[in-house]
Amino acid sequence: MRRLLGVLLVALFVGLSVAGCATTSAPPQTRALVVAAEPSTALEAGLAMLTARGFVIRRADVDLGDVEAVLAARPTLEVRYRLEATEQGTRITLSGQRGGQPVPPYVFDTLLIDVQERLGELP
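Reference entry: report on the structure contained in this document. If you're wondering where the values come from, they're calculated on a predicted model, not measured in any experiment. (Residues numbered from 1 in each chain as written. Predicted model: local features only at pLDDT ≥ 70, side-chain atom pairs only at ≥ 80, totals over all residues. Heavy atoms only, no water.)

## Describing the overall build of the protein chain
No. 1: Secondary structure summary: the protein chain contains three helices and six strands in total.
No. 2: Tracing the protein chain from N to C terminus, the helices and strands come up as α-β-α-β-β-β-β-β-α.
No. 3: Taken over 123 residues, the protein chain has a buried fraction of 28%. (Helix = DSSP H or I, 4+ residues; strand = E, 2+ residues; numbered from the N terminus. Buried < 20%, exposed > 50% of the residue type's maximum accessible area, 1.4 Å probe, protein only.)

## Let's talk about the pattern of salt bridges
No. 1: Evaluation of the coordinates by the stated rule reveals eight salt bridges.
No. 2: For arginine 59, the salt bridge goes to glutamate 68, with nearest N and O atoms at 3.2 Å.
No. 3: With a relative accessible area of 30%, arginine 59 lands in the partly exposed category.
No. 4: On the basis of relative accessibility, which here comes to 26%, the residue glutamate 68 falls in the partly exposed class.
No. 5: In this structure, aspartate 66 and arginine 80 form a salt bridge, with 2.6 Å as the shortest nitrogen-oxygen distance. You can see aspartate 66 sitting in strand S3 (residues 66–71) and its partner arginine 80 sitting in strand S4 (residues 77–85), a full 14 residues away along the chain.
No. 6: Residue arginine 80 is classed as partly exposed on the basis of its relative accessible area of 31%.
No. 7: The network of salt bridges with shared partners includes Arg59, Asp66, Glu68, Arg80 and Arg82. (Salt bridge = Lys/Arg side-chain N within 4 Å of Asp/Glu carboxyl O.)

## Focus on the packing of helix H2 (residues 39–52) against helix H3 (residues 109–119)
No. 1: Their axes nearest at 9 Å, the elements H2 and H3 cross at an angle of 125 degrees. Taken as axis vectors, H2 and H3 run oblique relative to one another. Taken as a pair, H2 and H3 cross one another with a handedness that is right-handed. Contacts between H2 and H3 pair Thr41, Ala42, Ala45, Gly46, Ala48, Met49 and Ala52 from the former with Leu111, Asp114, Val115, Arg118 and Leu119 from the latter.
No. 2: Of the residues belonging to the contact of H2 with H3, the class tally is eight nonpolar, two polar and two charged. (Axes fitted to C-alpha atoms, helices over the stretch in contact; angles between N-to-C directions. Parallel < 35°, antiparallel > 145°, perpendicular 65-115°, else oblique. Left-handed = near helix turned anticlockwise from the far one by under 90°. Contact = heavy atoms within 4.5 Å. Nonpolar A, V, L, I, M, F, W, Y, C, P; charged D, E, K, R; others polar.)

## Some details on the nonpolar core
No. 1: By size, the foremost hydrophobic cluster in this structure holds 23 residues, and its most contacted members are Val35, Leu50, Val79, Tyr81, Ile92, Leu94 and Val115.
No. 2: Elements supplying a minimum of two residues to this core: strand S1 (30–35), H2, S3, S4, strand S5 (90–98) and H3.
No. 3: With five residues, H2 is the single largest residue contributor to this core.
No. 4: Each residue touching leucine 50, except ones within four places of it in the same chain, is listed here: Phe55, Ile57, Val67, Ala69, Val79 and Tyr81. (Core = buried A, V, L, I, M, F, W, Y, C linked by side-chain atoms within 4.5 Å.)

## Some details on H2
No. 1: The end-to-end C-alpha distance of H2 is 20 Å, a good match for the 20 Å that 14 residues give at a rise of 1.5 Å each.
No. 2: Listing the buried residues of H2 in full gives Ala42, Leu43, Ala45, Gly46, Met49 and Leu50. For H2, the angular spread of the buried residues around the axis is 165 degrees, confining them to a single face. Those residues of H2 that are exposed and angled more than 90 degrees off the buried face are Glu44 and Ala52.
No. 3: With its phi angle positive at about 95 degrees, glycine 54 sits one or two positions after the end of H2. (Expected span 1.5 Å × (residues − 1). Arc of directions from axis to C-beta.)

Put into structure tokens, the structure is as follows:
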């Protein structure tokens, strides 16, 4: 009986120590831009920009205006390119993770500038 109690206590301590190591990932930080182009045109520009920069398109849903792309670097950069039609135009939102951690929004500035250039909408 004592031996069983000892084994159970050790298993409990191991379980608690492992549970304490679990982390929750932070929500992705986004960078957004509204362009005058139609969603389909903004999607094409985004796909062209991502592939020109070496990203591999994992998934692209034209109907939802949602693209997931990966850049094979160390650590891997995963980017999500989302579109939403608004009254002002098409809202482009970029977010991503590098090595499982959210990417700071300023990282997406050059990507958005590239999309604006492809759409002919640079200020």
